[in-house]
Amino acid sequence: RWQRRWFVLYDDGELTYSVDEHPETVPQAIIDMNRVVEVSYEAEEVTGHPFSLALTAADRVHFLKGTSREESKWWFDILSMFPRTNMKTGRHKRNATFPGSKATTIISTQQ
């Protein structure tokens, strides 16, 4: 079942999501982008939902979807560049990437 969640990506690789758009809300969960080995833009075959993304780590896959093709592409561009950029530069700052008023949903994780 898809549930609406709001995501924030921090420069140190922490991708958090919560139930509302307020950054001060305690996140429901954290995805460590440092452990993600692949970001796939076309996860629709697996999820059955358009605009789906898959974040693959060694121990699980997180499925997300945007509310539009543009939103999914925006998140894909950000998330797919993160692991490579962070490894090359060694960045470990604590700045955040906010999607503005864009909401993204998450379906589940598979182990």
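Anything mentioned here points back to the structure above.
Residues numbered from 1 in each chain as written. Predicted model: local features only at pLDDT ≥ 70, side-chain atom pairs only at ≥ 80, totals over all residues. Heavy atoms only, no water.

(A) Unusual backbone geometry, seen in detail. Phi at Phe51 is positive, roughly 70°, even though this residue is not glycine. Tracing the backbone shows Phe51 in the loop between helix 1 (44–47) and strand 5 (52–57). (Helix = DSSP H or I, 4+ residues; strand = E, 2+ residues; numbered from the N terminus.)

(B) Representation of the nonpolar core in the model. Among the nonpolar cores identified, the biggest contains 15 residues, and Leu15, Met33, Leu55 and Leu79 are the most heavily contacted of them. Of all the elements in the fold, those that place two or more residues in this core are strand 1 (3–10), strand 2 (14–18), strand 4 (36–40), strand 5 and helix 2 (69–89). The element contributing the most residues to this core is helix 2, with four residues. (Core = buried A, V, L, I, M, F, W, Y, C linked by side-chain atoms within 4.5 Å. Buried < 20%, exposed > 50% of the residue type's maximum accessible area, 1.4 Å probe, protein only.)

(C) A look at the environment of Arg5. Structurally, Arg5 can be placed in strand 1. Under the relative-accessibility criterion, Arg5 is labelled buried at 11%. Linking Arg5 and Ser18, residues 13 residues apart in sequence, is a C-alpha distance of 5.5 Å. Of the polar contacts made by the side chain of Arg5, one reaches the side chain of Gln28; its length is 2.4 Å. (Polar contact = N/O pair within 3.5 Å; in protein donor to acceptor, adjacent residues only side chain to side chain.)

(D) The arrangement of the packing of aromatic side chains in detail. All chains considered together, the criterion is met by four aromatic pairs. Aromatic side chains Phe7 and Trp75 sit 6.1 Å apart centroid to centroid with 65° between the ring planes, which places their arrangement in the edge-to-face category. On the criterion of sequence distance, the pair formed by Phe7 in strand 1 and Trp75 in helix 2 is long-range, its members being 68 residues apart. The exposure class of Trp75 is buried, given its relative accessible area of 3%. With a centroid separation of 5.3 Å and an interplanar angle of 55°, the aromatic rings of Tyr41 and Phe76 are classed as tilted. One end of the pair, Tyr41, is in the loop between strand 4 and helix 1; the other, Phe76, is in helix 2, with 35 residues separating them in the sequence. Relative accessible area serves as the criterion here: at 19%, Phe76 is assigned to the buried category. Here the aromatic cluster, defined as three or more aromatic residues joined through ring pairs, consists of Phe7, Tyr17, Trp74 and Trp75. Geometry around Trp2 places Lys65 over its ring, the cationic atom sitting 4.6 Å from the centre. (Phe/Tyr/Trp six-rings, centres within 6.5 Å; stacked < 30°, edge-to-face > 60°. Lys NZ or Arg CZ within 6 Å of the ring centre and 35° of its normal.)

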